[in-house]
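Each chain is listed here by its residues.
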Amino acid sequence: MAEKLEPAKVLYCGVCSLPAEYCEFGPDFGRCKPWLIDNAPDLYPDLLKEANEKATDNVSDKLQSVGISSGGADAATSSSQTGTSKKEEVKRLPGGKLKKKERQEVIIEKVVRNKRKCITIVKGLEQFGIKLSDASKKLGKKFATGASVVKGPTEKEQIDVQGDIIYDIVEFITDTWPDVPERSIFFIEDGKKVQAG
């Protein structure tokens, strides 16, 4: 007679409901980490080390905020103020990666196609609170050309204007939208970013 095999016991994650071995490949590994540290520390020993390091850093930060350091209370308050400004600028992406805050800038680029047709690309106007559809209409009327809002290669919307208006467009942007300073407008020439002013 053959032996009866016992079914394998699989530990499923309480957050993402995947087997615990596959959590790192799931949609949001960052949310699974605390559960894995508590319930399956042997599967991810690196997480346990990382959690211990964060805990010691957290304790040292709390001690510094209380004022227990070599610099006294003045040093602690200045370090806590700089720490909060850094936290505002940096955002976290899934997986714990850091995302830096984008600088507000308008980038103007000229692309040549079919050897003599030019397209002027304007990126970054939406960062100044400008609706791209309204901006493309104004650009099309001002320069008597076709202008449209399209998605660029980075999946961000940009304005494509037909024709070589790269140098005339800077004055038009600063006159039409005073919120956009000239020092935040850049050209891309020969693959290099050059300030317009």
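For the structure, check the block above.
Residues numbered from 1 in each chain as written. Predicted model: local features only at pLDDT ≥ 70, side-chain atom pairs only at ≥ 80, totals over all residues. Heavy atoms only, no water.

K.L.:
Before we move on, can you summarise the nonpolar core with the specific residues and values?
P.N.:
Ranked by internal contacts, the top residues of the largest apolar core, which has 23 residues, are V106, I108, L125, I169, I173 and V180. Among the secondary structure elements, those contributing two or more residues to this core are strand 3 (106-113), helix 4 (132-142), strand 6 (157-162), helix 5 (168-176) and strand 7 (185-189). No other element matches the 4 residues that helix 5 contributes to this core. Ignoring sequence-local partners within four residues, the contact set of I173 consists of V106, I108, V122, L125, V180 and I185. In this structure, C13, C23, C32 and Y44 belong to the second largest nonpolar core, which totals 9 residues. (Core = buried A, V, L, I, M, F, W, Y, C linked by side-chain atoms within 4.5 Å. Buried < 20%, exposed > 50% of the residue type's maximum accessible area, 1.4 Å probe, protein only. Helix = DSSP H or I, 4+ residues; strand = E, 2+ residues; numbered from the N terminus. Contact = heavy atoms within 4.5 Å.)

K.L.:
Break down the packing of aromatic side chains for me, citing the residues and quoting the values.
P.N.:
In total, this model carries 3 aromatic pairs according to the counting rule given. Ring geometry for Y167 versus F187: centroids 5.2 Å apart, planes at 70 degrees, classification edge-to-face. With Y167 in the loop between strand 6 and helix 5 and F187 in strand 7, the pair connects residues that are 20 residues apart, well separated along the chain. A ring pair is formed by F172 and W177, whose centres lie 6.0 Å apart and whose planes are at 80 degrees; its orientation type is edge-to-face. Neither residue differs from the other here; F172 and W177 are each classed as buried. Here a set of aromatic residues connected by ring pairs shows up, and it is made of F143, F172 and W177. Taking the ring centre of F186 as reference, the NZ or CZ of K193 above it sits at 5.1 Å. (Phe/Tyr/Trp six-rings, centres within 6.5 Å; stacked < 30°, edge-to-face > 60°. Lys NZ or Arg CZ within 6 Å of the ring centre and 35° of its normal.)

K.L.:
I'd love a proper account of the sheet that holds strand 6, names of residues and values included.
P.N.:
As summarised here, the arrangement of the 6 strands in space is 5-6-4-3-7-8, forming an open sheet in which the pairing is mixed. With one partner strand each, in any of the chains shown, strand 5 (147-151) and strand 8 (192-195) form the two edges of the open sheet. This sheet shows a mean twist of 30 degrees between the axes of neighbouring strands, independent of strand direction. Note: strand 4 (residues 117-123) against strand 6, 4 bridges, orientation antiparallel. Bridge pairing links I121 to D160 in strand 6. Contacting strand 5 and strand 6, helix 4 runs over the sheet at an angle of about 10 degrees to strand 6. (Pairing = 2+ DSSP bridges. Axes fitted to C-alpha atoms, helices over the stretch in contact; angles between N-to-C directions.)

From the geometry alone we can't say anything about function, so treat these as descriptive.
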